[in-house]
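Structural overview for review
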Amino acid sequence: MKNHLHDDDRLYQKMRQSLDELDELFPTSAPDTAYFKTIVHDTTERTKKRIRYDLLAFWSVSLVVLSILYFIQLQAPVFYIIVQGLSFLAFVLILAGKWVGKHDTTP
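Each chain has its residues counted from 1, following the order in which its sequence is written. Owing to the predicted nature of the model, reporting of local features is limited to residues with pLDDT of at least 70; listing and counting of side-chain atom pairs is limited to 80 or more, with chain, interface and lining totals taken over all residues. With hydrogens and water stripped out, all remaining heavy atoms of the structure feed into the side-chain values.

1. Quick look at a nonpolar patch on the surface
On the surface, a nonpolar cluster with roughly 500 Å² of combined accessible area is contributed by Val78, Ile82, Leu86, Leu89 and Leu93. In this description a helix means any DSSP run of H or I spanning at least four residues, a strand means any run of E spanning at least two, and both kinds are numbered starting from the N terminus. Within the element layout of this structure, Leu93 appears in helix H3 (residues 77-102). With a relative accessible area of 55%, Leu93 lands in the exposed category. Residues enter patches when they are more than 30% accessible in relative terms and free of salt bridges; like-charged ones are connected within 9 Å and nonpolar ones (Val, Leu, Ile, Met, Phe, Trp, Tyr) within 5 Å. Surface accessibility follows the Shrake-Rupley procedure with a 1.4 Å probe radius. Residue values consider only the protein chains on display as shielding. One speaks of a salt bridge when a side-chain nitrogen belonging to Lys or Arg is within 4 Å of a carboxyl oxygen belonging to Asp or Glu. When a residue's accessible area, from a 1.4 Å probe over protein chains only, is under 20% of the maximum for its type it is buried; when over 50% it is exposed; and in between it is partly exposed.

As structure tokens, then:
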């Protein structure tokens, strides 16, 4: 048992010495914090631009959809009611399909 501990100590010392030699051969330096700050700043700016674009696209599409629905409601109320009923029915069927999928007991 004592011999095993002695071998472990020698192995540890040899590994430590080899790692110290590697540290001397390949010195490392701490990276500049300004570099990371510029990366964070650039990434933040790109993210803000993308969010603005996504928000503008969302509002544009929603205005078009609401305008079309408003126009259909004024010009053809029967067609509007049919579209609303079909969309509600599709929503119910999707929810029912998910519920059945979660509670399926077939082996």
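Read on for the rest.
2. Observations regarding the pattern of salt bridges
Counted under the stated rule, the structure contains two salt bridges. For Arg10, the salt bridge goes to Asp7, with nearest N and O atoms at 2.6 Å. With Arg10 and Asp7 both in helix H1 (residues 2-25) and three residues apart, the pair spans about one turn of that helix. Across the pair Arg16 and Asp20 runs a salt bridge, and its minimum N-O distance is 3.3 Å. You can see Arg16 and its partner Asp20 sitting in helix H1, four residues apart, about one turn around the helix. Accessibility expressed as a relative area gives 34% for Asp20, which makes it partly exposed.

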